Amino acid sequence: MSVATPTAPSDDEHAEGPEHPAVPLAALAALGVVFGDLGTSPLYTLQTVISSTGGHFTPQSALGILSLIIWTLILTVSLKYCIFVMRADNHGEGGILALMSLVGADSLKGRMAVLTTMGLLGAALIYGDGVITPAISVLSALEGVNVITATLKPFVMPLAVVILVALFFVQRFGTSTIGKTFGPIMLIWFAVIALLGVGGIASHPAVFAAIDPEVGLKFLFNNGLTGGLILGGVFLCITGGEALYADMGHIGRGPIRLSWFAIVLPALLINYAGQTALLMGKSSFTGNPFYLLAPRWGIYPLVALSTVAAIIASQAIITGSFSMTRQAMQLGWLPGVNIRQTSDKVYGQIYVPVVNWLMMAATIAITVFFGSSDRLAGAYGTAVSTTMLLTTGLLLAAMRRVWKWPPLVSYSIAGLFLIIDLAFFLANLLKILDGGWLPLTVGVLIFLIMTTWRDGLDAIRAALAKDETTGKRLHAALAGVPRVSGTAVFLTRSTSGLPRAIIEHVHYMGALQEVVVALTVVFEHRPRIPDASRFSVEVFGDGVCRVTIRYGFVEKPDLGACLEVIKDQLDGVDVDNAIFFGTRDSVAPHIGAPHLAAWRLPVFAFIYRNAVKAVDRFNLPASRVIEVSRQIEI
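**Observations regarding helix 17 (residues 353-370)**
So, point 1. Between the first and last C-alpha of helix 17 there are 26 Å, a value that for 18 residues agrees with the 26 Å anticipated at 1.5 Å per step.
So, point 2. Considered for burial, the residues of helix 17 that qualify are Pro353, Val355, Asn356, Met359, Met360, Thr363, Ile364, Ile366, Thr367 and Phe370. Taken around the axis of helix 17, the buried residues stretch over an arc of 165°, which confines them to a single face. More than 90 degrees from the buried face of helix 17, the exposed residues found are Leu358 and Phe369.

**A few points about the pairing of strand 6 (residues 535-541)**
So, point 1. Note that strand 6 and strand 7 (residues 544-551) share six bridges and pair antiparallel. Its bridge partner lying in strand 7, Glu538 is registered against Arg546.
So, point 2. Turn length for the strand 6-strand 7 hairpin, with the two strands adjacent in sequence and antiparallel, is two residues, and the turn residue Asp542 shows positive phi of about 55°.

**A look at the state of the cysteines**
So, point 1. This structure, assessed with the given rule, holds zero disulfides.
So, point 2. Unpaired in this structure, Cys82 has its nearest cysteine sulfur neighbour in Cys237, at a distance of 14 Å.
So, point 3. You can see Cys562 has no disulfide; the closest cysteine sulfur is in Cys545, sitting 15 Å from it.

**Description of unusual backbone geometry**
So, point 1. For Asp542, which is not glycine, the phi dihedral falls at a positive 55°.
So, point 2. Residue placement: Asp542 occurs in the loop between strand 6 and strand 7.
So, point 3. For Asn619, which is not glycine, the phi dihedral falls at a positive 60°.
So, point 4. Here Asn619 lies in the loop between helix 26 (614-617) and strand 9 (625-633).
So, point 5. The class of Asn619 is partly exposed, set by a relative accessible area of 47%.

**A short note on the confidence of the model for the protein**
So, point 1. Looking at the protein, the pLDDT average stands at 86 and 93% of residues meet or exceed 70.
So, point 2. Per-element confidence in the protein ranges from a low mean pLDDT of 56 for strand 1 (residues 3-4) to a high of 95 for helix 20 (residues 407-429).
So, point 3. The model gives residues 8-16 a pLDDT under 50, and that stretch makes 21 contacts with residues more than four places away or in other chains.

**Structural notes on helix 6 (residues 113-130)**
Think of an α-helix as 3.6 residues a turn; residues three or four steps apart then line up on the same face.
So, point 1. Its 18 residues place the ends of helix 6 26 Å apart at the C-alpha level, agreeing with the 26 Å of an ideal helix rising 1.5 Å per residue.
So, point 2. Burial analysis of helix 6 places 15 of its 18 residues in the buried class, which makes it a mostly covered element.

**Some words on the packing of aromatic side chains**
So, point 1. If you walk through the whole model with that rule in mind, you get 15 aromatic pairs.
So, point 2. Pairing Phe84 with Phe417 gives two aromatic rings, centres 5.7 Å apart and planes at 65°, and the pair type is edge-to-face. On the criterion of sequence distance, the pair formed by Phe84 in helix 4 (residues 59-84) and Phe417 in helix 20 is long-range, its members being 333 residues apart. Note on accessibility: Phe84 and Phe417 belong to one class, buried.
So, point 3. For Arg87, the ring lying beneath its charged end belongs to Trp403, and the centroid distance is 4.5 Å.

**Observations regarding the side chain of His505**
So, point 1. Relative to the elements of secondary structure, His505 occurs in helix 23 (residues 501-509).
So, point 2. The class of His505 is buried, set by a relative accessible area of 13%.
So, point 3. The residues contacting His505, other than those within four sequence positions of it, are Phe490, Gly510, Ala511, Leu512, Gln513 and Phe581.

**Description of the packing of helix 4 against helix 14 (residues 253-280)**
So, point 1. In contact at an axis separation of 9 Å, helix 4 and helix 14 are set at 170° when each is read in the N-to-C sense. Relative to helix 14, helix 4 is oriented roughly antiparallel. Residue-level inspection shows Pro59, Ala62, Leu63, Leu66, Ile69, Ile70, Leu73, Val77, Ser78, Cys82 and Ile83 of helix 4 in contact with helix 14, the latter providing Arg257, Trp260, Phe261, Leu265, Leu268, Leu269, Tyr272, Ala273, Thr276, Leu279 and Met280.
So, point 2. Looking at the contact of helix 4 with helix 14 residue by residue, the classes come out as 19 nonpolar, two polar and one charged.

Thresholds applied
- Residues numbered from 1 in each chain as written.
- Predicted model: local features only at pLDDT ≥ 70, side-chain atom pairs only at ≥ 80, totals over all residues.
- Heavy atoms only, no water.
- Helix = DSSP H or I, 4+ residues; strand = E, 2+ residues; numbered from the N terminus.
- Expected span 1.5 Å × (residues − 1).
- Buried < 20%, exposed > 50% of the residue type's maximum accessible area, 1.4 Å probe, protein only.
- Arc of directions from axis to C-beta.
- Pairing = 2+ DSSP bridges.
- Disulfide = S-S within 2.5 Å.
- pLDDT = per-residue confidence, 0-100.
- Contact = heavy atoms within 4.5 Å.
- Phe/Tyr/Trp six-rings, centres within 6.5 Å; stacked < 30°, edge-to-face > 60°.
- Lys NZ or Arg CZ within 6 Å of the ring centre and 35° of its normal.
- Axes fitted to C-alpha atoms, helices over the stretch in contact; angles between N-to-C directions.
- Parallel < 35°, antiparallel > 145°, perpendicular 65-115°, else oblique.
- Nonpolar A, V, L, I, M, F, W, Y, C, P; charged D, E, K, R; others polar.

Shown next as structure tokens:
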């Protein structure tokens with residue numbers, strides 16, 4: 001292996017953030033990339049709330065529900081995420097892992113353990129809700145046909161499965177072409193749902209009374225446990241809030257804010273108000289109020305548009321899972337997996353086969369098991385509400401540690417968000433038995449994999465450190481050893497000294513190339529590394545040197561290209577014909593005191609054995625790579 005532990009860059013270093021297209025174009029792209037989940041939430045949010053009330057309510061309770069939705073969107077998405085959380089960018093990149101790195105958390109030991117745990121658990125839980133988003137979005141869209149006829153109801157779930165299988169299948173081809181149409185389609189979507197909402201509001205303009213937050217608070221406090229269940233349903237209107245922050249590196253802070261405040265937020269508020277207007281004159285209600293806003297002749301076209309919007313929403317969470325996997329992998333929290341670049345122009349467009357197929361299997365199983373969006377709503381939201389709570393904790397750390405804000409300001413702002421997040425977190429806990437356990441279980445399992453992987457790597461690194469050698473010892477070992485022409489590059493995790501693999505090579509081969517390079521790759525806590533800071537070279541003499549190449553956690557490593565850039569600094573190095581030496585390690589329990597718990601060692605050994613090795617990740621020529629098997633006791 002040749003990946004070292006991520007290191008924090010020095011304060012005087014600077015890495016430029018990603019370049020973004022012009023703000024108007026990027027704002028249009030944001031509609032498709034960022035707001036798919038938030039934008040399709042009107043398909044199921046109010047329907048879920050109605051189910052939690054048993055379908056019975058009064059005009060005042062309908063206004064209370066709308067007021068809760070309005071102020072949830074304003075306080076959580078507009079204020080918390082758009083204004084404060086998106087300010088915490090890690091050199092232009094966002095997402096809970098980037099935030100964790102920004103505050104300097106990268107260890108499960110010491111004073112950073114709590115912050116690191118919060119970041120990892122939050123990231124793991126996103127996978128948990130990520131397998132539910134495509135299922136509930138597509139099911140909700142297709143169920144619109146039930147408004148017209150019950151004849152097609154038995155075919156909704158099978159058709160949803162077909163659409164989901166097709167969606168995951170096309171991921172291998174990339175979304176470059178399709179992605180260009182996402183923004184315009186979602187612009188049409190938001191225009192349509194706003195027009196539908198206007199029609200509903202016209203019938204009952206009294207819904208404007210819900211703008212008063214007191215209406216929502218009175219309703220919540222007067223309904224006890226039912227109020228908690230309703231709050232869990234209301235939370236569904238913001239389940240895509242994390243995407244604003246996670247996709248900031250691809251789109252940019254300005255375009256996301258512009259799209260939200262100018263298009264998405266007004267359209268959502270108008271549509272929710274229109275749906276609520278339908279409830280004002282009724283004492284009971286069944287069905288989906290979203291589709292009942294449309295005239296009967298418009299149901300089928302609306303179902304078609306809703307399905308496309310749901311697919312876009314699903315695409316966003318799938319792409320986000322790919323990006324988060326790469327970040328976690330290069331930060332050393334997930335094992336190496338095969339990653340394919342699907343666009344030679346847009347770095348963020350990648351395809352991760354193992355994540356794609358695992359998500360597909362889980363999503364299809366969930367779709368078949370739950371069968372309908374109202375049943376699935378019970379499982380939706382528990383993981384995201386937990387992630388949002390954890391994000392607030394890391395945001396507080398950023399306020400104090402990075403921005404150096406005064407305690408009164410930091411704790412006042414974070415306290416407000418903490419109260420809101422805790423309310424939603426507790427409300428979603430009421431859905432545990434209805435399916436909320438599912439995404440939490442997925443998230444906890446992924447968290448255990450992350451922590452086991454890092455602890456296992458630390459144990460391997462500690463074992464290998466005992467075998468490192470110095471330049472003087474290597475010179476002594478090379479005395480009298482024949483040197484043959486050529487360049488040998490030894491990939492190593494070590495960031496100091498020289499790998500013992502060089503001496504072992506001499507011992508078994510009886511000779512050594514004239515030029516020897518000990519090469520280490522270090523992934524740092526910033527997303528990108530400027531070229532001026534990417535390389536460091538240490539020369540030991542006798543044709544032996546050490547090269548360290550640094551990458552940001554979103555960059556694609558290419559060792560051959562890097563060595564070509566710095567070959568002038570490496571006397572005699574023949575990059576075009578160099579032989580690369582790596583290892584295929586197996587692990588065994590350490591005699592005496594093992595570094596890993598008994599149950600974790602076989603888990604780590606299995607993952608380590610099946611992970612994509614470093615030589616496969618770094619774009620090395622397969623014909624010039626030699627791997628040596630060895631056993632390491634941990």
